[in-house]
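Structural characterization, general
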Amino acid sequence: MEDKVLLDVQGLKTYFHTFKGVVKAVDNVSFSLKEGEILGIVGESGSGKSVTSFSILKLVEAPGVVNADHIMFEGKDLAKISERDMSKIRGKDISMVFQDPMTSLNPLYTIQRQMEEVLILHEPQMNKAQRRARCIELLHAVGIPNPEERLKEYPNQFSGGMRQRVIIAIALATNPKLLIADEPTTALDVTIQEQILKLMKKLVKEHNTSLMLITHDLGVIAEMADYVVVMYAGRVVEKGTASEIFKNPSHPYTIGLMRSKPVVGK
């Protein structure tokens, strides 16, 4: 039986109307993502990857204007629903891991308080003890030792890799159907990157969550993605399975990206 399509984006356009003219940050982008699949969106900085994810989540603010033929998620067109309805989906059914773990957590609040926020909002039936138990379970799942004690601590008491694990735990708190990870390993060193990527792959497999992974790193895409979308200047220039893209890239930009990756020994 063929996997069900969870997210189908067709004709997505996000234009910023500035005093110098119109900036076409995302220009007629289309792709789909199946249940339990990892979709890699790859391209250089400024290619429109992050704006694509913000557009899906209705997080683009003025002067940005988002239009699409449709953004279908579980039978609902996200392009047409109200902000009130979107706020019920955002954080519950679709979660996002933002780029920088150093700025994604509030330094004034404990880890427990920040983790509980999403549960208070989206799982109101939970009592205080259940929320705490869920937070401990999540920290344990993302590999943070001694979670009962760590919950009481503040972000400055965590390393960059540990903070990113907390961000992933928060994103997974409501068992989302779609997880969007925007450059989740950019601020981390190589060994921590490897741990975070393995963790995300494991969590996706265990929970049958779909993952949209945004990165400029072809090594990450090769290791993680089932399907790849290559973006350049706000447009999709090539898409296909990871093996198709890596074995037989057809667009000059994709070929250039491949050649730009440093090779050990050369």
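Right, let's walk through the structure included here.

The rules behind the values
- Residues numbered from 1 in each chain as written.
- Predicted model: local features only at pLDDT ≥ 70, side-chain atom pairs only at ≥ 80, totals over all residues.
- Heavy atoms only, no water.
- Axes fitted to C-alpha atoms, helices over the stretch in contact; angles between N-to-C directions.
- Helix = DSSP H or I, 4+ residues; strand = E, 2+ residues; numbered from the N terminus.
- Parallel < 35°, antiparallel > 145°, perpendicular 65-115°, else oblique.
- Left-handed = near helix turned anticlockwise from the far one by under 90°.
- Contact = heavy atoms within 4.5 Å.
- Nonpolar A, V, L, I, M, F, W, Y, C, P; charged D, E, K, R; others polar.
- Phe/Tyr/Trp six-rings, centres within 6.5 Å; stacked < 30°, edge-to-face > 60°.
- Buried < 20%, exposed > 50% of the residue type's maximum accessible area, 1.4 Å probe, protein only.
- Lys NZ or Arg CZ within 6 Å of the ring centre and 35° of its normal.
- Arc of directions from axis to C-beta.
- Pairing = 2+ DSSP bridges.

1. A look at the packing of helix α4 (residues 111–122) against helix α7 (residues 160–172)
Axis angle and axis distance: for two packed helices, these are the angle between their axes and the distance between the axes, and together they describe the pair. Where α4 meets α7, the axes come as close as 8 Å, and the angle between the chain directions of the two elements is 25°. Here α4 is positioned roughly parallel relative to α7, judged by the angle of their axes. As for how α4 packs across α7, the hand of that crossing is right-handed. Listed contacts from α7 to I111, Q114, M115 and V118 of α4 are V166, A169 and I170. Considering only residue class, the contact of α4 with α7 consists of 6 nonpolar, 1 polar and no charged.

2. Regarding the packing of aromatic side chains
Geometry of an aromatic ring pair is reported as the spacing of the ring centres plus the angle between the planes. Per the counting criterion, the structure on display carries 2 aromatic pairs. Ring centres of F54 and F98 lie 6.3 Å apart, and the angle between their planes is 35°; this geometry places the pair in the tilted category. Of the two residues, F54 is situated in helix α1 (residues 49–56) and F98 in the loop between β7 (94–97) and α3 (101–104); the sequence distance between them amounts to 44 residues. Seen in terms of ring centroids, Y232 and Y253 are 4.4 Å apart; in terms of plane orientation they differ by 35°. Their pairing is tilted. With Y232 in strand β10 (residues 227–232) and Y253 in helix α11 (residues 252–259), this pair connects stretches of sequence that are 21 residues apart. Residue Y232 is classed as partly exposed on the basis of its relative accessible area, which comes to 36%. One Lys or Arg, R113, reaches over the ring of Y109 and ends 3.8 Å from the middle of that ring. Against the face of F158 rests R150, its NZ or CZ located 4.2 Å from the ring centre.

3. Details of α1
All of the buried residues along α1 are K49, T52, S53, S55 and I56. What you see down the axis of α1 is that its buried residues fit within an arc of 160°, all on one side. A positive phi of about 60° marks K58, the residue just after α1.

4. Some thoughts on the sheet that holds strand β9 (residues 210–215)
The strands that make up a sheet are held in pairs by hydrogen bonds between backbone atoms, and each pair lies either parallel or antiparallel. Spatially, β7-β8-β9-β3-β10-β11 is the arrangement adopted by the 6 strands of the open sheet, whose pairing is mixed. At either margin of the open sheet sits one strand with a lone partner, and together these are β7 and β11 (235–241). Ignoring strand direction, the axes of neighbouring strands in this sheet form an average angle of 15°. Sheet strands touched by α7: β7 and β8 (178–182). Its angle to β7, the strand with the most contacts, is close to 175°.

5. As for the packing of α4 against helix α5 (residues 128–141)
α5 packs onto α4 with a crossing angle of 115° between their chain directions and a minimal axis gap of 10 Å. Here α5 runs roughly perpendicular to α4, going by the angle between their axes. The two elements α4 and α5 cross, and the hand of that crossing is right-handed. In this structure, α4 contributes Q112, M115, E116, L119 and I120 to the contact, and α5 contributes K128, R131, R132, R134, C135, L138 and L139. Each residue belonging to the contact of α4 with α5 can be placed in one class, and the counts come to 6 nonpolar, 1 polar and 5 charged.

6. Examining the side chain of R131
Looking at where R131 falls in the secondary structure, it is placed in helix α5. In this structure, R131 is in contact with E116, L119, I120 and M126, ignoring residues within four places of it in sequence.

7. Considerations on the pairing of strand β3 (residues 38–42)
Of all 5 residues that make up β3, 5 are buried, and the element is covered over most of its length. Residues I38, G40 and V42 point to one face of β3 and L39 and I41 to the other, with burial holding for every one of them. Bridge count for β3 against β9 is 5 bridges, and the pairing is parallel. Considered in β9, the bridge of I38 is made with L211. Direction of pairing for β3 relative to β10: parallel, over a ladder of 4 bridges. In the strand pairing of β10, G40 is matched with V228.

Note that every value here comes from positions in space, so none of it alone points to a role or purpose.
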